[in-house]
Amino acid sequence: MSAGLSSVRLRATAAATLVVALALGIVALVLIVVLRGSLESSADAEAARKAVAAAPLAQTIEIKSNPGTPVGVPAEPVQPGAVVKGGAVHLYGGTAARLADPDVVLTAEKGDVIKEWAEPGEYAVAGVKVATATGPGMVWSRVSRATAEDALRTMNSALLPGVPAVLLVVAAMTWFSVGRALAPVAAIRAKVADITARDLHQRVPVPGSKDEIAALATTVNGTLDRLETAVGTHKRFVADAAHELRSPIATLRARLELAEPSELTKEALADVERLQALAADLLMLAKLDAGEPLRATELDLGQVAAEESLRARRRPEVRVELDIEPDVVMKGSRAHLDRLVTNLADNAVRHAASTVRVRVHAEDDQAVLEVLDDGPGIPFEQREAVFDRFTRLDEARARDAGGAGLGLPIARDIATLHDGSLVYAGGGFVARFPLGTP
């Protein structure tokens, strides 16, 4: 899988994690609000229940004013369920009397001691009006909210590490799941990237999931089928056309050679020679594109280079120098390598000012062939373009002896067929082949 911010796997994981984070945040907020409300309602209900339960007892108590009783000093408590007859309970702080339950007090109807007895926010408070033996009063009860706060703190302590842990699990599972789902796509991409014009018979793997990815793989294979058919038809056409042209061109050349010499026959013969070379190049390209198996034998690259470079088309003013290291042995097709050396030598002679140098040596388990010339060279931005078929630089087009732009592409295809490479570097072309392997 491809990495980076544009990765489908990364974006899917980030989106899933973000959605779950938002959902968990909303759920946690709602849960806290609902729980707080429920606990506060429970505390209020418990306070009301206690006040109502203490009301019957409060009705039997006589409230007497006793301002001298200090705040916080309870009077004699009255036990729940006891019947008080004629007894009196001193008021709590002069305004309230404490019953048996320390969280339930009796006050006069307008007593204000409740604010000190039950701090707002710390207790749930409920009051019930009662008619005591000496007049109206209020029974107040309180229930601490500490239990609710403890429950909320417990929940917060669980949510604080729990939510990130859940998000981490979601991210990991999404990453793993999306990776599993996209694995067939990566396999399809790798196979398509590996397929070239010479191996269109290959097909991408079709997963057994029977989903959209399987449909994509089937469609790609169908496209490759049609492409292979079209390319095969094209290759056969080029090969047949080149093959059929060889005989009439050869006949025409023979007739021109036997004709009365003249300027016209000389020019016509040069054109026929170029047609012959073009037909041979097209036939060679058709064979290379067809992916015919390589008939490799052990050969000395230096010997091949020496023989074929001396057979190259010569210009009287250009000298060909050889620098051949002995015993540079490799495996390959003699016919193909002959063509490679011939094409490189012809190109070098065509563009050289005075000297072409052909060098063969071994370097780092590679057989290296260098064909250098002292010509103007190739601009940096065009050093790859010259290997495109039918590509000729403007200077080459100006020469009558210029080729059709197929020599260098054929040479590179031959180098690639031998698991080698061909590049332009340092004033000429350098071909590298593995030593001892085809």
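About the cut-offs
Residues numbered from 1 in each chain as written. Predicted model: local features only at pLDDT ≥ 70, side-chain atom pairs only at ≥ 80, totals over all residues. Heavy atoms only, no water. Helix = DSSP H or I, 4+ residues; strand = E, 2+ residues; numbered from the N terminus. Buried < 20%, exposed > 50% of the residue type's maximum accessible area, 1.4 Å probe, protein only. Contact = heavy atoms within 4.5 Å. Areas by Shrake-Rupley, 256 points an atom, 1.4 Å probe, with all protein chains shown as cover. Phe/Tyr/Trp six-rings, centres within 6.5 Å; stacked < 30°, edge-to-face > 60°. Lys NZ or Arg CZ within 6 Å of the ring centre and 35° of its normal. Pairing = 2+ DSSP bridges. Axes fitted to C-alpha atoms, helices over the stretch in contact; angles between N-to-C directions. Salt bridge = Lys/Arg side-chain N within 4 Å of Asp/Glu carboxyl O. Expected span 1.5 Å × (residues − 1). pLDDT = per-residue confidence, 0-100.

Draft legend 1. Focus on the overall build of the chain. Scanning the chain from N- to C-terminus turns up nine helices and 13 strands. Buried residues in the chain amount to 35% of all 438 residues. The contacts of the chain with a sequence gap of at least 6 include a subset with a gap of at least 24, amounting to 64%. Counting only carbon and sulfur atoms, one obtains 59% of the accessible surface of the chain, whose full area is about 24,800 Å².

Draft legend 2. Layout of the packing of aromatic side chains. Enumeration according to the criterion identifies two aromatic pairs in this entry. Seen in terms of ring centroids, Phe387 and Phe429 are 5.8 Å apart; in terms of plane orientation they differ by 85°. Their pairing is edge-to-face. Note that Phe387 is positioned in the loop between β11 (366-373) and α8 (394-397) and Phe429 in strand β13 (residues 428-434), a separation of 42 residues in sequence. On the basis of an interplanar angle of 75° and a centroid distance of 5.2 Å, the ring pair of Tyr424 and Phe429 is categorised as edge-to-face. You'll find Tyr424 and Phe429 in the same group, each marked buried. Within the aromatic cluster, the residues linked to one another by ring pairs are Phe387, Tyr424 and Phe429. The residue whose ring lies beneath Arg142 is Tyr123, and the NZ or CZ to ring-centre distance is 4.7 Å. The ring centre of Phe387 lies 3.8 Å from the NZ or CZ of Arg412, which sits over that ring.

Draft legend 3. Representation of the sheet that holds β13 in the model. One open sheet holds the five strands; their spatial order is β8-β10-β11-β13-β12, and the pairing between them is mixed. Both edges of this open sheet fall to β8 (319-324) and β12 (421-424), since each of them pairs with a single strand only. Strand-to-strand, the axes of this sheet are offset by a mean angle of 15°, without reference to chain direction. Judged from the four bridges that link them, β12 and β13 form a sheet pairing that is antiparallel. Each bridged residue has a counterpart across the sheet, and for Tyr424 the counterpart in β13 is Phe429.

Draft legend 4. Looking closely at unusual backbone geometry. Notably, Asp364 is not glycine yet its phi reads approximately 55°, a positive angle. Relative to the elements of secondary structure, Asp364 occurs in the loop between β10 (355-363) and β11. With a phi close to 60°, Asp419 is a non-glycine residue in the positive phi region. Turning to its location among the elements, Asp419 is positioned in the loop between α9 (407-417) and β12. Of the residues examined, Asp419 reaches a relative accessible area of 57% and is grouped as exposed.

Draft legend 5. Summary view of the environment of His201. Within the secondary structure, His201 is located in the loop between α3 (146-194) and α4 (212-258). In sequence terms His201 and Asp225 are 24 residues apart; their C-alpha atoms lie 7.9 Å from each other.

Draft legend 6. Geometry of the pattern of salt bridges. In the structure shown here, the tally under the stated rule is 18 salt bridges. In this structure, Arg49 and Glu46 form a salt bridge, with 2.5 Å as the shortest nitrogen-oxygen distance. Of this pair, Arg49 and Glu46 both sit in helix α1 (residues 8-58), three residues apart, which is roughly one turn of that helix. On the accessibility criterion, Arg49 (47% relative accessible area) is partly exposed.

Draft legend 7. A look at α1. Helix length check: α1 (51 residues) gives 74 Å between terminal C-alpha atoms against 75 Å at 1.5 Å per residue, within 8%. Those residues of α1 not exposed but buried are Arg9, Thr13, Thr17, Ala28, Ala43, Ala47, Lys50, Ala51, Ala54, Ala55, Leu57 and Ala58.

Draft legend 8. Spotlight on the confidence of the model for the chain. Across the chain, pLDDT averages 79, with 83% of residues at or above 70. Mean pLDDT across the secondary structure elements of the chain bottoms out at strand β2 (residues 88-90), with 35, and peaks at β13, with 93. Below a pLDDT of 50 lies the segment residues 1-5, which in the model reaches seven contacts outside its immediate sequence neighbourhood of four places, other chains included. Confidence drops under pLDDT 50 across residues 396-400; counting only partners more than four residues distant or on other chains, this segment forms eight contacts.

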